[in-house]
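# Fold and contact review
Below are the chains, spelled out letter by letter.
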Amino acid sequence: MPNNTVTFASLNLAEPLMRAIVDAGYTQPTPVQAQAIPLVLAGGDLLAGAQTGTGKTAGFTLPILHLLSSKPAATPRAGAPRCLILTPTRELAAQVEESVQTYGKYLPLKSLVMFGGVNINPQIKALRSQVDILVATPGRLLDHVGQKTLDLSAVEILVLDEADRMLDMGFIRDIRKILALLPKQRQNLLFSATFSEEIKTLSDGLLHNPGFVEVARRNTTSELVTQSVHMVAQKLKSHLLSHLIKHNDWKQVLVFTRTKHGANRLAEKLNADGIAAAAIHGNKSQSARTKALAQFKDGTMPVLVATDIAARGLDIDMLPHVVNFELPNVPEDYVHRIGRTGRAGSSGAAISLVDSEELQHLKDIERLIKTQIPRVTIDSFVPPAHIPAEAPRAPRPQHGQKRHSNTTAHRGQATTGNRTPGQAPRAANPKPRNQQRADVAAPPRPRAPQEAPQKPLLSEAARHQAMPQPALFSPRPAARRGK
Ligand code: AMP
């Protein structure tokens, strides 16, 4: 979404950066770039409200590269970066560092990305040479600090990217530890999609007289994204999704599920239906995640099934379709999810498959985005005559419940939802609700949620109590009744 008045030429970026911008095919700065670049170049602190998809990465990377290249390091030392960029997830770290390389390709600056889940030794080796820009997730960075393989005393510029998500993921203690290791005199840039009280507290303590930029107001959705809701029973969702993908010949679909377990199950189901799909979440090895993402990006695998946390920071250009296989519990996550499409000026479609139990979530989302999402019926979809009984889903957290809530008030209770009369209650889940969201690490070690071991969502006994729900989706009653 280019800004009509500001040009890249008017931003006075160094010539090697201008060449890289031309190579990237960018003709005009996006609004966040037009506003943030001059503020960062002026050397001040910055508080920026910008969601992923706005071009925020170039908004801080370009001026940082300019500043570092125009002023040589006072005392260059191996393993002592001049700029530290902290991100919540491995994928985002990798993508930000890729952007640093893309925009800095004609500059002699060196960058390094470090995150957990991979062998630490190549990172230690890389730190034995010059590193100007380090992009890191907090946990692995502190591992290096502990091993004394990283020197943070030369940091001139600190970036907290997606700071709201870092707090959501429980990184605040790690961030505070890292801040204490940095030189007092430095430039601080904080990017966040939302401005909660916690973000305000963090920015008040971190930033000095910051410039302020806000480009995408909180909880707004892009007009470039066509949103629709298909009302469909949970047990029919995978059938409808297979149908939508095949019938419309979708080539690239990012599908969100609520749990890692659900992501795995759905990917298996799609593969069984002849649609190449992979699940991406924190229990997958880093190499499996990287491979799946690469195949998805290059078009060899049309479907990527992801949980919210794993999908955070995935930068896939021109993603045409995002599917909410289940609605998120936290309405703001809906905005983040569908922000994966309609990015940087291209249009996209966000399709939500909604079971009757999710209607309250749908209402919460519509209240947040101040829009009624059109309900769409797929006439071409004929539900299968036989649907094997499958394990029930885990009870959902209460509407709007935050992920890291420590509430135990409902421990072990079954939810009833808005079930039809006569339908069996869903099985009780022995785990506290805050741990039922398998993509989130349970306290007390929230540092690396991606690495939390996966636990079964339901006991065997609970599986036997599975009761299929009546289908809401009934375009062809005869076919649905089957024999
Ligand atoms: P980001 O919000 O940083 O994740 O960027 C979203 C996407 O916008 C990335 O794929 C960038 O390559 C792209 N992008 C960044 N700046 C521009 C620009 N000025 N013009 C067109 N696309 C851009």
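Model, not experiment: these values are computed from the prediction. (Residues numbered from 1 in each chain as written. Predicted model: local features only at pLDDT ≥ 70, side-chain atom pairs only at ≥ 80, totals over all residues.)

## Comments concerning the overall build of the chain
The cut-off we apply is this: Secondary structure elements are defined from DSSP: runs of H or I of at least 4 residues count as helices, runs of E of at least 2 residues count as strands, and each element is numbered from the N terminus. To assign burial, the other C-beta atoms lying within 10 Å of each residue's own C-beta are counted, with C-beta atoms placed from the backbone; 20 or more indicates buried, 12 or fewer indicates exposed, and intermediate counts indicate partly exposed. Think of it this way: build a C-beta for each residue from its backbone, and any pair within 7 Å is a contact.
Counting secondary structure elements, the chain contains 17 helices and 13 strands. Residues classed as buried in the chain amount to 49% of the 483 residues present. Long-range pairs, those at least 24 residues apart, make up 78% of the contacts in the chain with a sequence separation of at least 6.

## Regarding the nonpolar core
The criterion, for reference: Working definition: the nonpolar core is a set of buried Ala, Val, Leu, Ile, Met, Phe, Trp, Tyr and Cys residues, joined through C-beta atoms within 7 Å.
In terms of nonpolar packing, the biggest core is built from 62 residues, with A36, A48 and V135 touching the most fellow members. Grouped together as the second largest cluster of nonpolar side chains are 42 residues, L240, V303, I351 and L362 included.

## Some points on helix α9 (residues 197-206)
Let me state the cut-off plainly: By definition, the arc is the one covered by directions from the helix axis to the C-beta atoms.
Of the positions making up α9, those classed as buried are I199, L202 and S203. All buried residues of α9 fall inside an arc of 95° around its axis, so they share one side. Exposed residues on α9 whose side chains face more than 90 degrees from its buried face are E197, K200, T201, D204 and G205.

## As for unusual backbone geometry
The backbone of N12 sits at a positive phi, close to 60°, despite the residue not being glycine. Following the sequence through the fold, N12 ends up in the segment before α1 (15-24). N12 sits in the exposed class, given 11 other C-beta atoms within 10 Å. Even without being a glycine, K148 presents a positive backbone phi close to 60°. By secondary structure assignment, the location of K148 is in the loop between α6 (138-146) and β5 (157-160).

## Quick notes on the packing of helix α2 (residues 31-41) against helix α3 (residues 56-70)
To describe two helices that pack against each other, one gives the angle between their axes and the distance between the axes. To keep things clear, this is the line we draw: Angles shown run from 0 to 180 degrees and are taken between the N-to-C directions of axes, each axis being a line fitted to C-alpha atoms and, for helices, limited to the stretch in contact. Our angle categories are set so that under 35 degrees counts as roughly parallel, over 145 as roughly antiparallel, 65 to 115 as roughly perpendicular, and the remainder as oblique. We call a crossing left-handed when the near helix sits turned anticlockwise from the far one by less than a right angle, and right-handed when that turn is clockwise.
Running from N to C, α2 and α3 point in directions that differ by 30°, and their axes come no closer than 8 Å. Comparing their axes, α3 and α2 come out roughly parallel. Handedness of the crossing formed by α2 with α3: right-handed. Of the residues in α3, those in contact with V32, Q33, A36, I37, V40 and L41 of α2 are K56, A58, G59, F60, L62, P63, I64, H66 and L67.

## Here's the deal with the pairing of strand β13 (residues 348-354)
Condition: Each pair of strands is called paired provided DSSP finds at least two bridges between the two strands.
A large share of β13 lies buried, amounting to 7 of its 7 residues. Here strand β8 (residues 225-231) pairs with β13 via 7 bridges, running parallel. Each bridged residue has a counterpart across the sheet, and for V225 the counterpart in β13 is G348. In terms of strand pairing, strand β12 (residues 321-324) meets β13 through 4 bridges, oriented parallel. Each bridged residue has a counterpart across the sheet, and for H321 the counterpart in β13 is A349.

## As for the pairing of strand β1 (residues 46-49)
Burial along β1 is two-sided: L46 and A48 and L47 and G49, pointing in opposite directions, are all buried. Across 4 bridges, β1 lies against strand β6 (residues 187-192) in parallel orientation. Following the sheet pairing, G49 is matched in β6 by S192. Across 4 bridges, the pairing between β1 and strand β7 (residues 211-214) is parallel. Bridge pairing in β7 links G49 to E214.

## Description of the confidence of the model for the chain
Spelled out, the test is: Predictor confidence is given residue by residue as pLDDT, running from a minimum of 0 to a maximum of 100.
Predicted confidence across the chain gives a mean pLDDT of 78, with 74% of residues reaching 70 or more. When the criterion is pLDDT under 50, residues 399-483 qualifies, and its contacts beyond four places in sequence or with other chains add up to 152 contacts.

## Examining helix α11 (residues 260-272)
The line we're drawing: By definition here, a helix of n residues has an expected span of 1.5 Å times n minus one.
End to end, α11 covers 18 Å across 13 residues, agreeing with the expected 18 Å (1.5 Å per residue, within 8%). Those residues of α11 not exposed but buried are K260, H261, G262, A263, L266, A267 and L270. On its buried face, α11 sits against α10 (237-248), β9 (253-256), β10 (277-280) and β11 (303-306). Backbone geometry just after α11 places G274 at a positive phi near 85°.

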